[in-house]
Amino acid sequence: MTTPRSRKGPTQREKDELDCVTGDAREQQISRIPRELDNFWRMDPRFPTGLHNGHACLGSNLINKSLGFSDYERRVLSINGMLPVAVRTMDEQVVACKMVLDQMTTRTQKYMYLHNLECTNRRLFYRLLQSDWDTYMPVLDSSHSDFLLKNFSLFYHRPQGMYITIKDLGHVGQVLRNWPRRAVRCVLVTNGACLLSVGDFGINAMANIMSKLYQNVVLGGIHPDFCLPLVLDVGTDNEDLLQDPLYMGLREHRTSRSNFYALFDEFALSVLQQFGPRTIILCKNFDAHNAIHQLKKYRDLQCLVDIEFQCQGACGLSGVIVANRLKRMEFKSNTFLFYGTNPMNIGMARLCLVLFKQEGLIEDAAHQRIWFFDEKGLVVGNRQGPHIPEVLQEFVNYGDPTDDLAMAIDLIRPNVLVGAGSQPNAFTKEVLRAMERSAEQPIIFAMSRPIENAECSAEDAFTYTKGRCIFISGSSIPRVKYANKWYQPGRSNSVYLQPGISQGILLSGMNNVPDETFLVAAERLACLVWPDDLAQRNVYPPMRKVQCINQRIAEAVFAYAFRKGLATLFPEPENPTEYIKRNAYDSSYRTVASKVYCMEESVIATTESKKYYKHKI
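Residues numbered from 1 in each chain as written. Predicted model: local features only at pLDDT ≥ 70, side-chain atom pairs only at ≥ 80, totals over all residues. Heavy atoms only, no water.

(A) Local environment of the sheet that holds strand β9 (residues 416–419). Reading across the sheet, the seven strands line up as β8-β7-β6-β9-β10-β11-β14 and stay open at both edges, with mixed pairing between neighbours. Each having just a single partner strand, β8 (377–378) and β14 (490–491) make up the two edges of the open sheet. Of the pairings in the sheet, the one linking strand β6 (residues 336–339) to strand β7 (residues 370–374) comprises four bridges and is parallel in character. What sits directly across from Phe 336, in β7, is Ile 370. Along the sheet, helix α16 (residues 307–327) makes contact with β6, β9, β10 (443–446) and β11 (470–473), crossing β10 at roughly 160°. (Pairing = 2+ DSSP bridges. Helix = DSSP H or I, 4+ residues; strand = E, 2+ residues; numbered from the N terminus. Contact = heavy atoms within 4.5 Å. Axes fitted to C-alpha atoms, helices over the stretch in contact; angles between N-to-C directions.)

(B) Here's a closer look at the pattern of salt bridges. Here the structure, examined in full by the defined rule, presents 19 salt bridges. Notably, a salt bridge pairs Asp 91 with Arg 127, separated by 3.7 Å at the nearest N-O pair. Placement of Asp 91 in helix α5 (residues 90–102) and of Arg 127 in helix α7 (residues 122–131) is noted, with a sequence separation of 36 residues between them. A residue is classified by how much of its surface remains accessible, and Asp 91, at 52% relative accessible area, is exposed. (Salt bridge = Lys/Arg side-chain N within 4 Å of Asp/Glu carboxyl O. Buried < 20%, exposed > 50% of the residue type's maximum accessible area, 1.4 Å probe, protein only.)

(C) Structural view of the pairing of strand β4 (residues 280–283). Side chains of β4 alternate between two faces, with Ile 280 and Leu 282 and Ile 281 and Cys 283 buried alike. Here strand β2 (residues 186–190) runs beside β4; their pairing, made up of four bridges, is parallel. Paired with Leu 188 across the bridge in β4 is Leu 282. In this sheet, strand β5 (residues 303–306) lies alongside β4 in parallel orientation, the contact comprising four bridges. The partner of Ile 281 across the bridge, within β5, is Leu 304.

(D) Geometry of unusual backbone geometry. In this chain, Arg 449 is followed by Pro 450 through a cis amide linkage whose omega measures -5°. Mapped onto the secondary structure, Pro 450 falls in the loop between β10 and α21 (458–464). Following Phe 570, the chain continues to Pro 571 via a peptide bond in cis, the omega torsion being -5°. With respect to the helices, strands and loops of the structure, Pro 571 is situated in the loop between α25 (546–563) and α26 (576–582). One non-glycine residue, Arg 413, adopts positive backbone phi at about 55°. Mapped onto the secondary structure, Arg 413 falls in the loop between α19 (405–412) and β9. Of note in the backbone geometry, Ala 483 takes a positive phi value of approximately 55° without being a glycine. As for its placement among the helices and strands, Ala 483 is situated in the loop between β12 (480–482) and β13 (485–487). A residue is classified by how much of its surface remains accessible, and Ala 483, at 64% relative accessible area, is exposed.

(E) View of the environment of Tyr 589. When you line up the elements, Tyr 589 lands in the loop between α26 and α27 (607–616). Once the C-alpha coordinates of Tyr 589 and Asn 64 are considered, the two residues, 525 residues apart in sequence, prove to be 9.2 Å apart. Those residues in contact with Tyr 589 that lie beyond four places of it in its chain are Asn 64, Lys 65, Gly 68, Met 90, Gln 93, Asn 121, Arg 123 and Leu 124. In terms of polar contacts, Tyr 589 uses its side chain to reach the side chain of Gln 93, at 2.7 Å. (Polar contact = N/O pair within 3.5 Å; in protein donor to acceptor, adjacent residues only side chain to side chain.)

(F) Layout of the nonpolar core. If you look at the biggest cluster of nonpolar residues, it comprises 144 residues, and the most contacted ones within it are Phe 264, Phe 267, Phe 336 and Phe 445. Examining the composition of this core, we find that ten residues originate from one element, α16, more than from any other. Among all residues touching Phe 445, those that are not within four sequence positions of it are Gly 316, Val 320, Met 348, Val 416, Leu 417, Val 418, Gly 419, Phe 427, Ile 472 and Tyr 540. Counting 30 residues, the second largest nonpolar core, distinct from the first, contains Leu 405, Ala 426, Ala 446 and Ile 477. (Core = buried A, V, L, I, M, F, W, Y, C linked by side-chain atoms within 4.5 Å.)

(G) Here's a closer look at the sheet that holds β5. Strand order in the open sheet made by the five strands is β1-β3-β2-β4-β5, with parallel pairing throughout. Strands at the two margins of the open sheet, each flanked by one partner only, are β1 (162–165) and β5. Put simply, the sheet's adjacent strands are angled 25° from each other on average, direction ignored. Seen against the sheet, α16 touches β4 and β5 and runs at an angle of roughly 70° to β5.

Below you can see the structure in the form of structure tokens.
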């Protein structure tokens, strides 16, 4: 008889059947694949205390407390003498860590210290991040700089996450089963194809995935044992990496698209089988073509979310909603021009279509308010010569073709210009002046990162629009002074809502994630902007409040799931806010050693030893 643990994944017959069907028939086939676990109800991943061994506790980052072990724990675990006599509270340890970090001068030093702390004492590491998010997370964050991506091979010294290569095709389930912590409820996955606005970084994208994991834990309250960071290594087209002797990934060019689809199919089905249908798959740094394909194929079968495509798109949409409220205009009055084929552009455009339709526009009218401009010019059906990319086919409009961005603005007259084209300084003064003519208060996004790759600077945007624009960047930018008045550029970043969305999905037990989920999150984020920030034309809340903001986003998504009948948690909590707080990750130390109790009716050796046992132990 085949036990669940002995199965290595879908059989070849099951795979062949899946390849031959689509739509509802495919869903029925997938529903019949045996499940090994459904981790939705596994809320506590702690090890039984009977498995704890003193010396193993000192070497395990999951249990180690360093000087936080009490005198009682040191005696019971037989580690008395292995540590200095001092016993420190967690707060005292955090203070000591901060003192060490304050003496370090380079980011490399700080990163190595924090990375080592995570590898030796995980709870202390997360408590340190929680104590001062703004100071320490930028050291670990690779979303605004390529420093960690370029040096990942140098910094690597202990295993983090999993790496599944194209060579594992056919055995992905077997490899995935090697992950030691089986309470997985959130898989963060990338293939490293499209990082920041710089391109292909291969398996170095693990640095980016790890920073997302830290955000999920600290901001979303998701237990780190519930998270599995994973890289699908299918090669790289970055010649510098292929020639780099320290590069740790496959030294070959990226595999064909069909091979990658086969690998992702096997990976998604293995996650479904081993961890259950309510395990969320968070995709990051996939190119637009793959992101669209994966969402189309799996969004109705599993909780699959693309961070750039959906979360970043929802964050950008939230900024537009706030800007509209400043002008007291309806959302359906906007006209968008997207520059570039970045997944964020396409995802935001799709969400705009959904919101347009909610506000009463028909399909054709909604499409007439969304335009794209790629490296070959305005995306129109009668464009001669340059082929329109497949990912933009759904946004083809009809108008006069042009390869001049400023002229396209004069033709379309958009009030929102969204740039994520990886072309530094693409928004020239002619483009910005065209936006000034096009709208009373133009909204300009310059989302390419790092900031050196931005489409324009905040200073240029305010100067060439005569101080009338609302400027939004993908990076953190200081205040700008124009005409003796200070303005604060907004920062659109998925960190505002992605951890909260993930926590809301996980706790409610959603089986799939419709687009409306991200509209709910965007609307909730738009309601959290402070009046003081609006006065400076900042359409996003303060980043220092990002933990509270994500809790509000989680509450909104949680409530939406029950309101729409998408939640599988039963019964529905009477107080959702308290339920979310109660299930958030607590980084406090837990007692490792069980309490020793005396069985009074038992005779223990001599009278003297019995008294000692009762009063000393």
